[in-house]
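# Survey of secondary and tertiary structure
Listed here are the chains, written in short residue letters.
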Amino acid sequence: MKDKMICITCPKGCDLTIREEGDTLTVEGNSCPRGKEYALQEIKDPRRTLTTTVRVDGGISPYTSCRTTKPIPKDMIFTTVEIINNHKVKAPVKTGDIIIKDILGTGSDIIATKFVKENPLKVKPLKEYLER
């Protein structure tokens, strides 16, 4: 097997070539050790940091941005998004608040990345009035 990819761990963007010889994987083209680590991780267990939004109940904004605290397996992204889309937090929400602890047993928490104040008027968003 021969696979090619571009390293994204630094601005250099090295062209990497990964070769499989039996049970051994070799990486060529990296100008630093991080390139080799990146390529092997991408081949064996690709992971991504997920950024998305979660609904806020009673806030001045109906959503807050959120992210994983560490990369999660790439094949779990859609399931994770589905769980987050079915979740709602109560305002106020502070940056760094844990929204979902240890999502899908990955060891990664979902945390808020934006402060959302509580709506002092308790007024429903305009969208809800328009839907009637």
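Described below are features of the structure shown in this document.

### A short note on the environment of Cys14
You can see Cys14 is positioned in the loop between strand 1 (2–6) and strand 2 (15–21). A residue is classified by how much of its surface remains accessible, and Cys14, at 14% relative accessible area, is buried. C-alpha of Cys14 to C-alpha of Met76: the two residues are 62 residues apart in sequence and 28 Å apart in space. Not counting chain neighbours up to four residues away, the residues in contact with Cys14 comprise Met5, Ile6, Cys7, Gly29, Asn30 and Ser31.

### Structural notes on the sheet that holds strand 2
Read across the open sheet, the three strands follow the order 1-2-3; overall the sheet is antiparallel. Each having just a single partner strand, strand 1 and strand 3 (24–28) make up the two edges of the open sheet. When the angles between neighbouring strand axes are averaged without regard to direction, this sheet yields 20 degrees. Note that strand 1 and strand 2 share five bridges and pair antiparallel. Within strand 2, the position partnered with Lys2 by the bridge is Arg19. Packing of helix 1 (residues 33–44) onto the sheet brings it into contact with strand 1, strand 2 and strand 3, and relative to strand 3 it is tilted by some 135 degrees.

### Thoughts on the pattern of salt bridges
Scanning all chains against the criterion turns up four salt bridges. As a salt-bridge pair, Glu42 and Arg48 come within 2.7 Å of each other at their nearest N and O atoms. Asp109 is paired through a salt bridge with Lys101; the nearest N and O atoms lie 3.5 Å apart. Looking at Asp109, the relative accessible area reads 11%, which means it is buried. Relative accessible area serves as the criterion here: at 60%, Lys101 is assigned to the exposed category.

The rules we used
Residues numbered from 1 in each chain as written. Predicted model: local features only at pLDDT ≥ 70, side-chain atom pairs only at ≥ 80, totals over all residues. Heavy atoms only, no water. Helix = DSSP H or I, 4+ residues; strand = E, 2+ residues; numbered from the N terminus. Buried < 20%, exposed > 50% of the residue type's maximum accessible area, 1.4 Å probe, protein only. Contact = heavy atoms within 4.5 Å. Pairing = 2+ DSSP bridges. Axes fitted to C-alpha atoms, helices over the stretch in contact; angles between N-to-C directions. Salt bridge = Lys/Arg side-chain N within 4 Å of Asp/Glu carboxyl O.

Bear in mind that shape data such as this cannot, by itself, settle questions of function.
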